[in-house]
Each structure stands twice: as C-alpha cells, then as structure tokens.
Amino acid sequence: MRTIIKAKKIINGVDDNIIKDKCIIIKNGLINEIVNVEKFKPSHNDLIFNYNNEIVMPGMIDVHVHLAFSGITDNRSFRAESADMDYGAQALRGYRFALEHMSYGFTSLRDMNAPGNVAINIKNMINNKKLIGPNILACGLGLSITGGHMDQPGWGSHTNFIDMTYPCDGPNEFIKGVRSQLKAGADFIKTNMCVSSTYDLDHPYKQEMSNKEIEAVCTEAQMHNVRVASHTSGGPSITTAVRSGIHSVEHGHWLDNETINLMAEKNTFYVPTLLVNERNFEFEHDANFTKSKNWKWLKLSREAKWESLDKAINSNVQIALGTDAGFMLPHGSMNYREMEYMVQGGMSNMQAIKAATQFGGKLLELNVGTIEVGQRADILIVKGNPLKDIKVLKNRENIEIFKDGKKFDKHSFLSN
Ligand SMILES: [Zn+2]
C-alpha cells in the first residue's frame, strides 16, 4: 500500500523556495516518488492525505541531546537525580524524552553522552521495532581525561561514581576508549578536547587532551569508519582536531579564522548550541554570582559565540542544529529557539530550517533531513509558515508528524 501526501506548499530542505503542488508517494517507509499533482495517478488502495494550507517539510534533527538527563537546572539536583535513578529508570524516562522531541517535529536525534548505555538501548529498541520513536545515533559514554570536563569534577572524593564518562589518559587508553564504546554499540565517538577555564579570564579556555591523544582517537575512529564529535571551547586543540578529521565541533565558543577556514575546507560541521549558552542568562543570579569569574566567563563566551557564528555563516561552514537538551534544557519544547537564535545571529529563516533539516541529516548520514526520492518519509505538516515566523514551531499542536510514512499520534503518549 502507498501513502500519498498531496501538498500545495513544500519546504523540501534543499531548495531555497517553497515547492508547489506535488504528490509525495511513500512506499515501505521511504519516499518513492515525487510527482506534480496533475500527473498523479491514484490506485484504489492508496492512503491519501491532502494539505492545501499547511507547509509540508522534512522532520527536524537535533544533533546534540542527552536523553539520560532531565534538563534540571540546579547542579546539586542534577547530581542527586543521577545518583537516585537506576539506569533502567533512566532508559524508560529517556524514551519518554525521545517521544517529547518527536512530538515537536524532531524525528532524528544524536545523543552526546549517556551513562549505563541508556541511549544505546533506547536506540536499539527503536531500531528493532520494539518501540516507536525517533531515529537515534548514540555515542555511549564520552571520552574524557581523568578529572576533565566530563569526568564530573566536584563529586565528593569518597563517591565512587564510575560511569558518568569514560576516563582515558594517554593515546593507548583513548584507543581503548574508542574500542570500548564501539563494543557497547556506539555509532560515533564523543570526546572533550578543550574546556572552559574560569581561573584566568585572559585565557578563558584550555586544552585538555594532548595533540597525540586527539590524533589517536581520530585515527582509531577512522579505522573503524566512525565519526568523532567533540565538545570544544576554543584554541589550538580545535585546529588540531579539525586537521585530524573530526566530524563536528560542538559548542565552539572561540573559533579563530584559521580553524573556520579549515572547517569550511574539510566539511567539518559546526554545532553552535546557542540556546544552552543563552539559557544561563534566563535565571536570576544573586549579586555574588554576577561578580564571580564564572559569570564573567559566561558573558565572554556568549560574545565569542556570536562572533564565531558570524564567521561560520560568512565562510559557508556547514551548520547543524543542536540544543544540548537534557542539560539545563527540557527535551523538545525549547528546540525551536535554537533556530530563533540562528536567525538572530544572521541566518535567514530558510538557512535556520536547513540547519535543522538538510545539514542535520548530512551530519547523521541516515537518509533524513530532506524531502527527496530515497529518503526516509519523516515528514512534518505545519500550520503557519516558519519562513515568516519560526515561533509557529513552538506549539506542537501546529505540527503533525509522519515517521517512516506513518502518522505518529502524539496524543497517545501525552494523555496523562
Ligand atoms: Zn552536551
């Protein structure tokens, strides 16, 4: 049986203009054919949907989420929550979070570090058709130096919290880290090459992994034909990483011209995660905090991020949408804001939508992100026009979702 989406207005994720009057013909979950409405020949058992007023567009992609975490904003509560919950409970909750993303039109996700194989297990259940949900790529645990950004400094020294990250020291341990995560079922490798540093605000970032460690991870990952994504702040380690073949620069607050040019040349993706940066400024801070080095660092990094985005846009670096949902952000409901910030930073609405569709899809390499023949039929029907106002994507009642060509009933899981 075929499913037909007859649409007056389509944003296909490729063209810069709205495409008019097409029939999208779906077979076995894939876009089989796209024909002009007048050329369409229906057969008797076609399931036909007509959309005359809505915008039809590709399912969106959030390439930076943390399904194991809830988005709780207070650091102590974040730790308490992680300690309280078994991985089984975290996986069940993470699946719910994945559905939250999908209900807002995000039909593909990339998980950027989850303890206890939480995200890998959710992905496997969906891929094995035991559960309905978004397409997921997962890295398992991120690789970090001992005491580094993801090795959760700040727990009491008596606390034996072994599984928040995968600590590695020296090239050989990083090679083992890559192999261990692949054994666990990871689709790609996450690393932390450089971090924020509030100790010395003249040098607000510092390198964590040595160049040899960075090169070892990239070489090993390339040998296994998997990609490397890295949490980054700024400095020469990003340049080394891009040169070594890293696939995506996450956050990337301080990007210099050399790095930007190299990223453009090597097709390295930039995932600026603007929302999570801006999020810090939405909370009331006490007077002491706003005088602190932490606060000053946040302001410095905010300014630097907008400049880096500007440079990346002007140099045609591939920019993909990632929110960091799960870390200080809820899952799904704020995702549209990343596009609003992209527009604020100088991208057109169409460019921001392409970051959420075409470029996210290219980054994931899962045949998603555009409405073209051969792609998965992950398709949204949107009331209102996001080319005029991104905010129409704020309300999930404005969005109908087709996942692999089948209508996803968001109300069935939202019922309580
Ligand atoms: Zn993150």
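Cut-offs and rules
- Residues numbered from 1 in each chain as written.
- Predicted model: local features only at pLDDT ≥ 70, side-chain atom pairs only at ≥ 80, totals over all residues.
- Heavy atoms only, no water.
- Helix = DSSP H or I, 4+ residues; strand = E, 2+ residues; numbered from the N terminus.
- Rg over C-alpha atoms; globule rule 2.2 N^0.38 Å.
- Contact = heavy atoms within 4.5 Å.
- Areas by Shrake-Rupley, 256 points an atom, 1.4 Å probe, with all protein chains shown as cover.
- Salt bridge = Lys/Arg side-chain N within 4 Å of Asp/Glu carboxyl O.
- Buried < 20%, exposed > 50% of the residue type's maximum accessible area, 1.4 Å probe, protein only.
- Donors = N, O, S within 2.8 Å, 3.2 Å for Na, K, Ca; no water.
- Domains from an automatic or database assignment.
- Buried area = accessible area lost by both parts, 1.4 Å probe.
- Nonpolar A, V, L, I, M, F, W, Y, C, P; charged D, E, K, R; others polar.

### Regarding the overall build of the chain
Looking only at helices and strands, the chain features 14 helices and 19 strands. Over its C-alpha atoms the chain spans a radius of gyration of 21 Å, differing by no more than 12% from the 22 Å that the globule rule assigns to 416 residues. With the C-alpha coordinates of the chain rotated into their principal frame, the extents come out at 70 × 45 × 45 Å. For the chain, contacts bridging at least 24 residues in sequence account for 70% of all contacts bridging at least 6. For the chain, the accessible surface area stands at approximately 18000 Å², while carbon and sulfur atoms represent 48% of it.

### With respect to the pattern of salt bridges
Per the counting criterion, the structure on display carries 19 salt bridges. Linking Arg110 and Glu250 is a salt bridge whose minimum nitrogen-to-oxygen distance equals 2.6 Å. Here Arg110 is found in strand S6 (residues 106–111), whereas its partner Glu250 is found in strand S14 (residues 248–254), with 140 residues between them in sequence. For Glu250, a relative accessible area of 0% puts it in the buried group. Among the salt bridges present, the one from Arg279 reaches Glu282, with a minimum N-O distance of 2.8 Å. Since its relative accessible area comes to 36%, Glu282 is described here as partly exposed.

### Topic: the coordination of the zinc ion
Surrounding the zinc ion are the protein donor atoms His64 (NE2), His66 (NE2) and Asp324 (OD), at 2.1 to 2.2 Å. Of note, the donors binding the zinc ion are all from one chain and are spaced H-x1-H-x257-D. Here His64, found in strand S5 (residues 60–65), pairs with Asp324, found in the loop between strand S16 (318–319) and helix H11 (335–344); they are 260 residues apart in sequence, far enough to count as distant. In this pair, the class of His64 matches that of Asp324, namely buried.

### Points about the domain arrangement of the chain
Here the domain parsing of the chain yields domain 1 (3–58 + 371–414) and domain 2 (60–364). A separation of 30 Å is found between the C-alpha centroids of domain 1 and domain 2. Facing 27 residues of domain 1, the contacting portion of domain 2 comprises 24 residues. The largest contributions to the domain 1 side of the interface with domain 2 come from Ile390, Arg396 and Phe413, which together make up 27% of the buried area. Counting across the domain 1 and domain 2 interface gives 3 salt bridges. A salt bridge links Asp16 to Lys354; its shortest N-O distance comes to 2.7 Å. Of all the elements in the fold, those that place two or more residues in the side of domain 1 that touches domain 2 are strand S4 (47–58), strand S18 (399–403) and helix H14 (410–414). Among the residues forming the side of domain 1 that touches domain 2, the class breakdown is 14 nonpolar, 2 polar and 11 charged.

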